[in-house]
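Report on the structure
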Amino acid sequence: SQTIHQWPATLVQPVGSPLSLECTVEGTSNPNLYWYRQAAGRGLQLLFYSVGIGQISSEVPQNLSASRPQDRQFILSSKKLLLSDSGFYLCAWSVNSGSYEQYFGPGTRLTVT
Amino acid sequence: GDSVTQMEGPVTLSEEAFLTINCTYTATGYPSLFWYVQYPGEGLQLLLKATKADDKGSNKGFEATYRKETTSFHLEKGSVQVSDSAVYFCALSDGGGGADGLTFGKGTHLIIQP
């Protein structure tokens, strides 16, 4: 069966510090991978998606970047965090099936102080 | 573009009450429709899905029917439990080769009181 991991689970970082969040998927090959952010108001915002190694599409220009160094690894980064980067970050995967449902990881709670 | 509209709540019900959470959508083509549930501090879990008109998705006592004529996908449960307290998201995928993200509603916070 497929599983998705995210770490760390929680993170408190000062403004201006770098960021690296990691997501890995097990039990599937060549998944589509996604990063979402969920702010306090509960809505989800798609940040990046990837259809393969080294292929990243950005949905919202901002202070963050993403990379996919391996087939089942997706990394969210920032060189200098802003207060507005605080939120709950969710990684998800899907495969090109007929319905395209996505499966989510447990999330990372980021607080920028 | 695509959009999903759902009541935000909070929706507060007593245990064993009947639940309806409305969801309507706008999309081009024939989207797939989903309901996700999010418990506090956790990621989203796929609750049920429907991929074509008149399909009924069901899971854990929850049901939703894909109504193309009314562009709706309302979530229902006959008798809710305290453990159903969570945030529920309606979402759609317009296909897009699967490479695009889902379009989510803003979520409905459901509170079930004993």
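Note that this is a predicted model, so its numbers are computed, not measured.

As a further point, take the sheet that holds strand S3 (residues 19-26) of chain A. Residues and elements named next belong to chain A. One open sheet holds the four strands; their spatial order is S1-S3-S8-S7, and the pairing between them is antiparallel. With partners counted over all chains shown, the strands left at the sheet margins are strand S1 (3-7) and strand S7 (65-70), one partner each. The average angle at which neighbouring strand axes cross in this sheet is 20 degrees, direction not considered. The pairing of S3 with strand S8 (residues 73-78) spans six bridges and is classified as antiparallel. Bridge pairing in S8 links Thr24 to Gln73.

This part takes up the side chain of B:Lys77. On the secondary structure map, B:Lys77 appears in strand S9 (residues 75-77). Beyond its immediate chain neighbours, meaning those up to four positions away, B:Lys77 contacts B:Ala17, B:Phe18, B:Leu19, B:Lys60, B:Gly61, B:Phe62 and B:Asp84.

All names here are of chain B. Along strand S1 (residues 3-6), the buried face is formed by Val4 and Gln6; none of Ser3 and Thr5, which line the opposite face, is buried. By the bridge criterion, four bridges tie S1 to strand S4 (residues 23-26) in an arrangement that is antiparallel. Looking at the pairing, Ser3 lines up with Thr26 of S4.

Put plainly, two cysteines are in a disulfide when a covalent bond ties their sulfur atoms together. The full count for this structure, using the stated rule, is two disulfides over all chains. The residue that forms a disulfide with A:Cys23 is A:Cys91, at a sulfur-sulfur distance of 2.0 Å. With the S-S bond torsion at -75 degrees, the cross-link from A:Cys23 to A:Cys91 turns out left-handed. With A:Cys23 in strand S3 and A:Cys91 in strand S9 (residues 87-94), this residue pair connects regions lying 68 residues apart in the sequence. As far as the burial class goes, A:Cys23 and A:Cys91 line up, both buried. Between the sulfur atoms of B:Cys23 and its disulfide partner B:Cys90 the distance amounts to 1.9 Å. Linking B:Cys23 and B:Cys90, the disulfide has an S-S dihedral of approximately -70 degrees and is accordingly described as left-handed. Of the two residues, B:Cys23 is situated in strand S4 and B:Cys90 in strand S10 (residues 86-93); the sequence distance between them amounts to 67 residues. Using a relative accessible area of 1% as the deciding quantity, one classes B:Cys23 as buried. Taking the relative accessible area as the measure of exposure, B:Cys90 reaches 1% and is therefore buried.

This model, assessed by the stated rule, comprises 13 aromatic pairs over all chains. On the basis of an interplanar angle of 85 degrees and a centroid distance of 5.5 Å, the ring pair of A:Phe104 and B:Tyr36 is categorised as edge-to-face. Within this pair, whereas A:Phe104 is found in strand S10 (residues 103-104), its partner B:Tyr36 is found in strand S5 (residues 32-38), the two belonging to separate chains. For the residue pair A:Phe104 and B:Tyr36, the accessibility class agrees, reading buried in each case.

Cut-offs applied
Residues numbered from 1 in each chain as written. Chains lettered and ligands numbered in written order. Predicted model: local features only at pLDDT ≥ 70, side-chain atom pairs only at ≥ 80, totals over all residues. Heavy atoms only, no water. Pairing = 2+ DSSP bridges. Helix = DSSP H or I, 4+ residues; strand = E, 2+ residues; numbered from the N terminus. Axes fitted to C-alpha atoms, helices over the stretch in contact; angles between N-to-C directions. Contact = heavy atoms within 4.5 Å. Buried < 20%, exposed > 50% of the residue type's maximum accessible area, 1.4 Å probe, protein only. Disulfide = S-S within 2.5 Å. Phe/Tyr/Trp six-rings, centres within 6.5 Å; stacked < 30°, edge-to-face > 60°.

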